[in-house]
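# A look at the structure
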Amino acid sequence: MRAVDRFRPGINMMKRWILLAIAGIISSSFGIFLGIQEKHLEFTKGIPSAVLVVVGCVVIYISVRNIAGVFYAAVTNYGFKKISHDADRLNNMLYEKRMLINGPKIVAIGGGTGLSTMLRGLKLYSSNITAIVTVADDGGGSGVLRDELNMPPPGDIRNCIQALADTEPTMEALLNYRFTDGSLKGQNFGNLFLAALNGMSRSFDEAVQKMSEVLAVKGRVLPVTNENIHLIAEFDDGCEILGESKIARYKKHTRARISRVRLSPEKPCALPASIETIKRAEMIIIGPGSLYTSLIPNLLTDGIVEAIINSKALRVYVLNVMTQDGETEGYTASDHIKA
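Model, not experiment: these values are computed from the prediction. (Residues numbered from 1 in each chain as written. Predicted model: local features only at pLDDT ≥ 70, side-chain atom pairs only at ≥ 80, totals over all residues. Heavy atoms only, no water.)

## Remarks on helix H8 (residues 189-200)
Selection rule: Only runs of H or I of at least four residues qualify as helices and only runs of E of at least two qualify as strands under DSSP, and these elements are numbered from the N terminus. To estimate the expected span of a helix, count its residues, drop one, and scale the result by 1.5 Å. Residue burial is assigned from relative accessible area. The probe radius is 1.4 Å, only protein chains are included, and a residue is buried under 20% of its type maximum, exposed over 50%, and partly exposed in between. The reported arc concerns the directions from the helix axis to the C-beta atoms and nothing else. Polar contact criterion, stated in full: a pair of N or O atoms within 3.5 Å, where within protein one must be able to donate a hydrogen and the other to accept it, and residues adjacent in sequence count only if both atoms are side-chain atoms.
Taking 1.5 Å as the rise per residue, H8 with 12 residues should run 16 Å; its terminal C-alpha atoms sit 17 Å apart, in good agreement. Regarding H8, the residues found buried are Gly190, Asn191, Leu194, Ala195, Leu197 and Asn198. With its buried residues spanning 160° around the axis, H8 presents them on a single face. Along H8, the residues that are exposed and aim more than 90 degrees away from the buried face are Gly199 and Met200. For H8, the side-chain oxygen to backbone nitrogen distance between the N-cap and Gly190 is 2.7 Å, and the N-cap itself is Asn188.

Here it is in structure tokens:
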């Protein structure tokens, strides 16, 4: 190491000042000890102990001051003189963190791809975000894991966690990776990751919390309930269909429209944390998402509607960009609200 490198801001310089501070503490302590031993002797014999104490205190002061200086230099432009864009990036990160921490308390309720897309935008304005996500999905890889492992479907939850996470591109690609061969064909790695955490946890919401911690999520993601629920749709032709994925398939082969949906079992208990978060919210956002299969199932969970009604938060309903076959053909905004 070159001599000049020893005096540059960084962890090595910090270590040297810490060692010097320790030397100052030893000097002061030894001086005090000598002073105690010589207190009955002549005044002039106590001068060396006084000198040790003074020198030690001066060394401690200089060391602490320089430790603070090194730390300050490491987090400001002084530590990035050669690469100014790193300094700018760090300053921007610090500013954003302060701004996001003080952002509004937002609760977003929904499911499907609509909610996760909304969360990617919301996290730019606040880190006090809670996503309350439906667990009525029973199709695709999520449906397979749900049936085989007797757990809530992980797909929508995983999408929301990814939306709020600060992940590297490689990690993002890994979580989105879908197996193409073998017994895992069609399964998403992120779903399997959450399923593994569910097996290690006492409840599904605890597994979701663990995955959020691993991925450094800004905010919080909560399943609307821990119960194993199924969605039932009543169509205007008198037919009843059980299962979210079957509802979608039936809509494709008929002109009938959904007139009402309900859950089985009816009125499952909402996660207490979901209700408590709604009570503390400053803004409640519902949507975007499929009206009958992604949004309303959350409202059929016992306790959610009451919490929204009693909340003093600003309540916002975000409509889809376009109407959805079998669900909202010809609907106006007021038709959505009535539903």
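## Some words on the nonpolar core
Counted only if it meets this: We define a nonpolar core as any set of buried Ala, Val, Leu, Ile, Met, Phe, Trp, Tyr and Cys residues linked to one another through side-chain atoms lying within 4.5 Å. Only heavy atoms matter for contacts: two residues are in contact if any of them lie within 4.5 Å across the pair.
Judged by nonpolar contacts, the single largest core of 59 residues is most densely connected at Ile109, Leu119, Ile157, Ile161, Val221 and Ile278. Per element, the largest residue contribution to this core is 5 residues, and it comes from helix H6 (residues 155-164). Excluding its chain neighbours within four sequence positions, the residues that come into contact with Ile157 are Val133, Leu194, Phe204, Val208, Val221, Leu222 and Pro223.

## Looking at the packing of aromatic side chains
Going by this rule: Within 6.5 Å between ring centres, the rings of Phe, Tyr and Trp (the latter by its six-membered ring) count as paired, and their orientation is classed by plane angle as stacked under 30 degrees, edge-to-face over 60, tilted in between.
Enumeration according to the criterion identifies 3 aromatic pairs in this entry. Each ring, one from Phe189 and one from Phe193, has its centre 6.4 Å from the other, and the planes form 15°; the classification is stacked. With a gap of 4 residues between them, Phe189 and Phe193 both fall in helix H8, about one helical turn apart. Under the relative-accessibility criterion, Phe193 is labelled partly exposed at 23%.

## A short note on the pattern of salt bridges
Here is the rule we go by: Each salt bridge in this description consists of a side-chain nitrogen of Lys or Arg and a carboxyl oxygen of Asp or Glu lying within 4 Å of one another.
On inspection of all chains with the given rule, the structure shows 11 salt bridges. With a closest N to O distance of 3.0 Å, Arg202 and Glu206 form a salt bridge. A salt bridge links Glu266 to Arg262; the shortest N-O distance between them is 4.0 Å. Take Glu266: its relative accessible area is 58%, and that puts it in the exposed class. Note on Arg262: relative accessible area 18%, which makes it buried. The structure contains a network of salt bridges with shared partners spanning Glu234, Glu240, Arg260, Arg262 and Glu266.

By themselves these figures say nothing about function.
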